[in-house]
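Residues per chain are reported as follows:
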Amino acid sequence: MEKPFPHITCAVCSKPYNDPRILPCLHSYCLQCLHHEIEKSGSQQMFQCPICERNTSIPVGGASVLPQNFHLGFEVEVAGYMSKMVNNSDVACDHCIDGGNGPAVVFCCTCHQFLCKVAYEHHRTDRHLTKHNMVGLDQEGARQLHTTMKPRDHYCSQPNHDGNKNFYCETCSLLVCRDCTTATHKTHTVKEISTVAKTHQIEITGALEDAREVVTKLTGAMDENNRMIEQVEISKRNASLAINQAFETLQQTLEERKKTLLSELETISLSRTTALTLQKEQFEKMVGDIGHYTDMASQILQTHTDHEIVALGGLIPTELQATLKRVQTISLTPNQHSNITVSVQTDDLTRQLLKLGNLFEFYFSPSSSTWMSTSVARVGARYHVKVQSKTSKGEEYPHGGVEVKGEMRSKTHNGAVVYGEVEDHRDGTYTITLTPQTAGPHQLLITMDGQHVQNSPNDLDVRPKRDYRILCNAQQVIQCNGPRCVAIHDNGDIYVGSHDGCIYVFDQTGQMKNTIGSSGSGDGQFSHPSGISIKGDVLYVADTYKHRVQKLTSSGKFLHKFGQQGSGQGQFNLPWGVIIDSNNKLIVSNNYNHRIQIFNENGVWLLTIDGKGSGNHSFQSPWGLALDPQGNIHVAAYASNTIQVFTREGVYVRMYGDPKGPSGIAIDDEGYSFVSERDGHCLSIYDPEGNKIHTVGNLNYPWGTALDPRDGSVFIANRGADTVLKYCV
């Protein structure tokens, strides 16, 4: 029969554990074996763990004061009982003194005793014992034993104390009984063991979560190492092919040079592979160490025994955290890159045959790499920089893994420095996010592998944070028939979707400069357009009453359309809001289907966020949509009077505000939300945490809301008054 407990043998004596004690490294040994190991070390302060060879301090009082491994002790006890049950020999009754009533026939999992027929009958008829769990003395009983039998209670050994050790003295770090708490531990800090165990459970669970996160990172790093090793091999094969093709035309004369180049190639690939493999082995070692601790932690949590958790719980978070800190001290980025390129000239080079060809490593050039961002930043607002790595020839370098850093240094506040967070997109591009703390002139510094990129350092103007609480009266009023939605082009042009089926375009002064479309069902015609979004030269329109989305140029030329009435995938029932994210994905709210759908730029369905159901994630009649600086989707749900936030993967994040009929929403680059409330006849402004900071009232059924990204001006489609209002900060 397969042993249910494969780890009950001491690594020192090779026998089942006898009074097992646990070391800080979480390895356990018999108490007597530890005494022997300490004596063998010849030291009074330190000895090595026989398994992991970690130096362990000898506690005052010796090995006897080390924590008991109750769980292993229980496993040994259970294994002993199981051995007796399946060895086909008679087992004496533990209840009878002389054994005169014959061998045992059952095992009581409650009393931890083998019982003969007489004792078994006594158990069955005694009302105090009838509920005890019994198993037969066969292989099936042995299999049931582990799940049925529970550890013994821990009784106090003090004279005249007759209670379980259900309390823990934090002053002495000891398990004590109730009598102890009123005697020798009367003035100490004593808590019920269940309370202490719960605290340890929380700590262990937290440590496990941290460990899982680090293991995920390490696993990702190992995957990246494997990918890089594969890329090295691919590059090696490609280079080898190029070398062979070049030298085929030169035959014997070029053979010597060919061998030289292949040898150099082998050296480069072997060097890279070796370095990456060694780094991967380091990651594997750390994963193994963490796995050892997490397995132990999971095992302890599964036992649900407070005594065991208290005895061992304090060690596990300490050891896990120590290992996790060691992980933080190393780089998880592959220490080698993968590209190898060969250049072989096949012209008439007879006089240079012995020097023909060179291997070189095709890699990025920091001085050729570029970056993009705005020249103005805001205090306290996240400032994003997009970096593109390039080769020395100015070609885009398509691989990640480069060490990119970004700094923002003040020129006036004693050179105060803000360090950026870097996201590696693994395609040769990186995003650096910085949050300036002071206004005034700054320098922006961007480096790749320690070298400045092109145009770094560069001057940057950091301006004070905007104060939206000063919004009061509109600075501009644009007359428009039944405005439903509004969007602002990068050049400042104002696009307004109208109840009459047209998209009107106004310049910054409010003068109309173009009319796009007309009422109808043809391409480029609209019926009650309720949402528009513009990015560059592309305009998307939620053609609400035709249950479709149309794609046009910013000047109004029809390009594409998708969607039809229905509730299926990619279908609409009154599409309302429409926005474009940084990856050119289209996000569309669906009024009567109560859902959000995400498409690619050509209208291919990708994802649905369903608002039907109950709970915080549900919503009804979503109208306005907006993206915050983190890329999360904010949904203005008109019928449910809520503002809800979801990730672009559809995961519910939070809810905020108390709007009355929210119809439109816009979010600035700092995370402030502007919510037009159709039924509340106002515009509510919320800070990035969702706290309302200001209200602009006296509006007349406001619908869509938009922001001018250049200066933060707020535009509102004030439908009931046939106007578009502009508020300046």
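Since this is a predicted model, take the numbers as computed values, not measurements. (Residues numbered from 1 in each chain as written. Predicted model: local features only at pLDDT ≥ 70, side-chain atom pairs only at ≥ 80, totals over all residues. Heavy atoms only, no water.)

1. A closer look at the pattern of salt bridges
Right, on to step 1. Taken as a whole, this structure holds 24 salt bridges when the rule is applied.
Right, on to step 2. One salt bridge in this structure joins Asp424 and Arg426, with 3.4 Å as the shortest N-O distance.
Right, on to step 3. Of the residues examined, Arg426 reaches a relative accessible area of 40% and is grouped as partly exposed.
Right, on to step 4. The salt bridge partner of Asp523 is Lys561, with a shortest N-O separation of 2.8 Å. Residue Asp523 is found in the loop between strand 27 (512-516) and strand 28 (531-535), and its partner Lys561 is found in strand 31 (residues 558-562); the two are separated by 38 residues along the sequence.
Right, on to step 5. Look at Lys561 and you get partly exposed, because its relative accessible area is 38%.
Right, on to step 6. Through salt bridges that share partners, Glu224, Arg227, Asp424 and Arg426 make up one connected network. (Salt bridge = Lys/Arg side-chain N within 4 Å of Asp/Glu carboxyl O. Buried < 20%, exposed > 50% of the residue type's maximum accessible area, 1.4 Å probe, protein only. Helix = DSSP H or I, 4+ residues; strand = E, 2+ residues; numbered from the N terminus.)

2. Overview of unusual backbone geometry
Right, on to step 1. Residues Ser456 and Pro457 are joined by a peptide bond in cis, for which omega reads 0°.
Right, on to step 2. Notably, Leu574 is not glycine yet its phi reads approximately 65°, a positive angle.
Right, on to step 3. Within the secondary structure layout, Leu574 lies in the loop between strand 31 and strand 32 (575-580).
Right, on to step 4. Using a relative accessible area of 10% as the deciding quantity, one classes Leu574 as buried.
Right, on to step 5. A positive phi angle is found at Ser621, which is not glycine, with a value near 50°.
Right, on to step 6. By the element assignment, Ser621 lies in the loop between strand 35 (605-610) and strand 36 (622-627).
Right, on to step 7. The exposure class of Ser621 is buried, given its relative accessible area of 10%.

3. A short note on the sheet that holds strand 29 (residues 538-543)
Right, on to step 1. Pairing is antiparallel in the open sheet, where four strands are placed in the order 28-29-30-31. Taken across any chain shown, the strands that pair with only one partner, and hence form the sheet edges, are strand 28 and strand 31. If you compare each strand with its neighbour and ignore which way they point, the axes differ by 15° on average.
Right, on to step 2. For strand 29 and strand 30 (residues 548-553), the ladder comprises six bridges, and the chain directions are antiparallel. (Pairing = 2+ DSSP bridges. Axes fitted to C-alpha atoms, helices over the stretch in contact; angles between N-to-C directions.)

4. Describing the sheet that holds strand 36
Right, on to step 1. The strand order across the open sheet built from four strands is 36-37-38-39, with neighbouring strands paired in antiparallel fashion. One side of each edge strand has no neighbouring strand; the edge strands of this open sheet are strand 36 and strand 39 (652-656). Recorded for the sheet is a direction-independent mean angle of 25° between the axes of neighbouring strands.

5. Comments concerning the confidence of the model for the chain
Right, on to step 1. Taken as a whole, the chain shows an average pLDDT of 86; of its residues, 94% reach a score of 70 or greater.
Right, on to step 2. Long-range and interchain partners of residues 1-5, a stretch whose pLDDT sits below 50, account for eleven contacts in this model, where long-range means more than four residues apart. (pLDDT = per-residue confidence, 0-100. Contact = heavy atoms within 4.5 Å.)

6. A look at the side chain of Thr181
Right, on to step 1. Here Thr181 shows up in helix 5 (residues 178-181).
Right, on to step 2. Taking relative accessible area as the criterion, Thr181 reaches 18% and is therefore assigned buried.
Right, on to step 3. Setting aside chain neighbours within four positions, we find Thr181 in contact with Phe167, Val176, Lys186 and Val190.

7. Re the packing of helix 2 (residues 70-86) against helix 4 (residues 139-148)
Right, on to step 1. At their nearest, the axes of helix 2 and helix 4 sit 9 Å apart, and the two run at 170° to each other. Taken together, the axes of helix 2 and helix 4 lie roughly antiparallel to each other. Of the residues in helix 4, those in contact with Val78, Tyr81, Met82, Met85 and Val86 of helix 2 are Gln139, Gly141, Ala142, Leu145 and His146.
Right, on to step 2. For the contact of helix 2 with helix 4, a count of residues per class yields seven nonpolar, three polar and no charged. (Parallel < 35°, antiparallel > 145°, perpendicular 65-115°, else oblique. Nonpolar A, V, L, I, M, F, W, Y, C, P; charged D, E, K, R; others polar.)

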